[in-house]
Amino acid sequence: MPIVKTVSRAVSQLLQSSGCGCGISIVPVRCIGVSPRQVASDASFHSVSFSESDHPRVLITGGLGQLGVGLAKLLRKRFGKNNVILSDIRKPADNVFYSGPFIYADILDYKNLREIVVNNRITWLFHYSALLSAVGEANVPLARAVNITGLHNVLDIAAEHNLRLFVPSTIGAFGPTSPRDPTPDLCIQRPRTIYGVSKVHAELMGEYYHYRYGLDFRCLRYPGIISADSQPGGGTTDYAVQIFHDAIKTGKFQCNLKPDTRLPMMYIDDCLKATLEVMEAPAEALSMRTYNISAMSFTPEELAQEVQKHVPELLVTYNVDEVRQAIADSWPMNFDDRNARRDWGWKHDYDLPELVTTMFSFLGSDSRIAQAN
Ligand SMILES: NC(=O)C1=CN([C@@H]2O[C@H](COP(=O)(O)OP(=O)(O)OC[C@H]3O[C@@H](n4cnc5c(N)ncnc54)[C@H](O)[C@@H]3O)[C@@H](O)[C@H]2O)C=CC1
Ligand SMILES: CC(=O)[C@H](N)C(=O)O
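Keep in mind it's a predicted model, so treat the numbers as computed, not measured. Counting starts from 1 at the beginning of each chain's written sequence and moves along it residue by residue. Lettering for chains starts from A, numbering for ligands starts from 1, and both go in the order in which the items are written. Thresholds applied to this predicted model are a pLDDT of at least 70 for local features of residues and 80 or more for the giving and counting of side-chain atom pairs; totals over whole chains, interfaces and linings are not thresholded and use all residues. To obtain the side-chain values, all non-hydrogen atoms of the structure were used and water was disregarded.

Engineer: Please explain the state of the cysteines as it appears in this structure.
Structural biologist: Chemically, a disulfide is nothing more than a covalent bond linking the sulfur atoms of two cysteines. Disulfides are defined in this document as cysteine sulfur pairs within 2.5 Å. Across all of its chains, the model carries zero disulfides by this definition. Of the cysteine sulfurs around Cys219, a residue in no disulfide, the closest is that of Cys271, at 12 Å. Cys219 sits in the buried class, given a relative accessible area of 1%. Burial here depends on accessible area, computed with a 1.4 Å probe over protein chains only, as a share of the maximum for the residue type. Under 20% is buried, over 50% is exposed, and the range in between is partly exposed. Take Cys271: its relative accessible area is 0%, and that puts it in the buried class.

Structure, rendered in structure tokens:
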């Protein structure tokens, strides 16, 4: 498709007719409201046709993973149940299906995704579909398709329909040549996983669409996320969730990372709170479009010691997975999130002790190994 030609024709038409005062040589591209897959002639089709004071109409892609169901719950509380549509390519459990609107959406199917956005008058899109770091290394072609081609579809639809778009990035967007302790927002990013490469691509493409087409793109780099009622989807930080389940079920935990591997981590409530906060932040408050967020940082050994305060009999052994260890060794140890704290008031609630106490109270302390035996 001759995208470049189409866009430049549309741009020059707009420059001639819009009267926005843009010069030709230095184009303030925020004035240019065309999307890359849309010619200027039908751009007016997609202007927002409802009151700005209405609640956003939200679509979450890849919503049946570790984070999406919790996000839907939080957003439904805030914006109303029927204003938040959860979507995925998997079949939802009964409790999820009956808790609010659910729809099948494959992000690789551009037309279907566009139809969903149009028919449901979507205004905010949270793009959660992805293959995480470890599963991505196990299936690079699929990770490339979902994480990169899927992102392109989402970006084009978001630009075309004036959506506010949230795409999460990750500590995995950094690599061995990045400063690791701490890792600032702006530094060298040369990740060595397809997951990391796709996330740097997402950050850059989102920011490019923001400056080029005026897309309201917002992005947070999440640490490893720890949750009680949802399972992680195949990442390097999964051990920090599994330890709680194993402590309760068997009293034994085999860790696939070395005991001194330090990584940034966060409790899910903090992660979802930050996500909603950055989406609600006034545009003027955002000096950047991609922010690190941080809460705590620990090693498997430190986590095990904290868990053992609740389950003293827990036996921890180490059987290192070389792929995951190599990934973890290239990731940040501590995240510098000063910009998020300054710009839109980010503040975490959970440090390691609160995280561990909360996980056990969620998972049911009376089902612990001590009682089970
Ligand atoms: N969980 C974590 O620790 C972190 C997550 N993130 C990011 O947050 C987002 C959500 O993460 P999780 O919920 O943990 O991921 P997950 O791996 O648990 O879930 C991803 C979901 O994407 C869906 N999916 C896969 N292919 C799809 C397709 N073609 N069309 C539509 N959906 C598709 C899967 O069915 C799955 O339900 C991801 O973008 C991830 O990179 C970032 C940093 C940390
Ligand atoms: C930190 C992440 O992005 C994810 N949990 C992973 O380990 O791949």
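On we go.
Engineer: Got a minute to help me understand the site of ligand 2 in this structure?
Structural biologist: Residues are labelled near a given molecule or strand when at least one of their non-hydrogen atoms is within 4 Å of it. Taken together, Leu132, Ser133, Thr170, Ile171, Tyr195, Gly224, Gly235, Thr236, Thr237 and Trp331 make up the full set of residues adjacent to ligand 2. By the criterion applied in these results, polar contacts are pairs of N or O atoms within 3.5 Å in which, for protein atoms, one can donate a hydrogen and the other can accept it, and in which residues neighboring in sequence qualify only through two side-chain atoms. Thr170 has a polar side-chain atom sitting 2.7 Å from an oxygen atom of ligand 2. In short, Shrake-Rupley with a 1.4 Å probe defines the accessible areas, and a residue's cover is counted only from the protein chains shown. Relative to its unbound accessible surface of 250 Å², ligand 2 loses 93% to contact with the protein. In the scheme used here, Gly and all other residues not listed as nonpolar or charged are polar, with Ala, Val, Leu, Ile, Met, Phe, Trp, Tyr, Cys and Pro taken as nonpolar and Asp, Glu, Lys and Arg as charged. Of the residues contributing to the shell around ligand 2, the split by class is four nonpolar, six polar and no charged.

Engineer: When you look at the site of ligand 1 in this model, what are you seeing that I'm missing?
Structural biologist: Ligand 1 sits among 26 residues. The nearest are Gln66, Asp88, Arg90, Tyr195 and Ile225. Between ligand 1 and Gln66 there is a distance of 2.9 Å, counted from a nitrogen atom to a side-chain nitrogen or oxygen. Tyr195 is positioned such that a nitrogen or oxygen atom in its side chain is 2.7 Å from an oxygen atom of ligand 1. Calculation on ligand 1 without its partners gives an accessible area of 830 Å², and the protein chains cover 93% of this total. Every element with two or more residues in the shell around ligand 1 is listed here: β6 (169-170), α7 (194-213) and β8 (224-226). Here the shell around ligand 1 is built from residues that sort into 14 nonpolar, eight polar and four charged. By the criteria applied, helices consist of DSSP H or I runs no shorter than four residues and strands consist of E runs no shorter than two, each listed in order from the N terminus.

Engineer: Would you mind going over the nonpolar core with me for this structure?
Structural biologist: In these notes, a set of buried Ala, Val, Leu, Ile, Met, Phe, Trp, Tyr and Cys residues joined through side-chain atoms within 4.5 Å is what counts as a nonpolar core. The biggest cluster of nonpolar side chains holds 71 residues, and the ones touching the most others in it are Ile60, Phe298, Leu303 and Trp344. In contact with Phe298, other than residues within four places in its own chain, are Ile226, Tyr239, Ala240, Thr261, Arg262, Leu263, Met265, Leu303, Leu352 and Leu355. Within the second largest apolar cluster, 29 residues are counted, among which are Ile85, Ile122, Leu151 and Val154. Contacts are assigned to residue pairs with any non-hydrogen atoms lying within 4.5 Å of each other.

Engineer: Please clarify how the domain arrangement of the protein should be interpreted in this entry.
Structural biologist: Accessible area lost on assembly of the parts is the figure often given for the size of an interface. Here the domain parsing of the protein yields domain 1 (57-226 + 266-292) and domain 2 (239-264 + 296-333 + 349-372). Each domain's extent was defined by an automatic or database domain assignment. Here the C-alpha centre of domain 2 lies 26 Å away from the C-alpha centre of domain 1. Contacts between domain 1 and domain 2 engage 22 residues on the former and 21 residues on the latter. Buried area between domain 1 and domain 2, summed over both chains or domains, comes out near 1800 Å², and the portion from carbon and sulfur atoms is 67%. The three residues of domain 1 that bury the most area against domain 2 are Arg180, Ile226 and Tyr267, which together make up 39% of that side's buried surface. Any Lys or Arg side-chain nitrogen found within 4 Å of a carboxyl oxygen on Asp or Glu counts as a salt bridge. Between domain 1 and domain 2 we count one salt bridge in total. Accessible area, probed at 1.4 Å, shrinks when two parts are joined; the buried area is that loss added up over both.

Engineer: Got a minute to help me understand the packing of helix α2 (residues 68-79) against helix α9 (residues 268-280) in this structure?
Structural biologist: The geometry of a pair of packed helices is captured by two quantities: the angle between their axes and the separation between those axes. Running from N to C, α2 and α9 point in directions that differ by 50°, and their axes come no closer than 10 Å. With respect to α9, the axis of α2 lies oblique. Considering how the two elements wind past one another, α2 and α9 form a crossing that is right-handed. Across the interface between the two elements, Gly70, Leu71, Leu74, Leu75, Arg78 and Phe79 of α2 pack against Leu272, Lys273, Thr275, Leu276 and Glu280 of α9. Residues of the contact of α2 with α9, tallied by class, amount to six nonpolar, two polar and three charged. The convention used is that axes are lines fitted to C-alpha atoms, helices contributing only their stretch in contact, and that angles between N-to-C directions extend from 0 to 180 degrees. Note on angle classes: values under 35 degrees are labelled roughly parallel, values over 145 roughly antiparallel, values of 65 to 115 roughly perpendicular, and the remainder oblique. Here is the rule for handedness: rotate from the far helix to the near one, and if that takes an anticlockwise turn smaller than a right angle the crossing is left-handed, while a clockwise turn gives right-handed.

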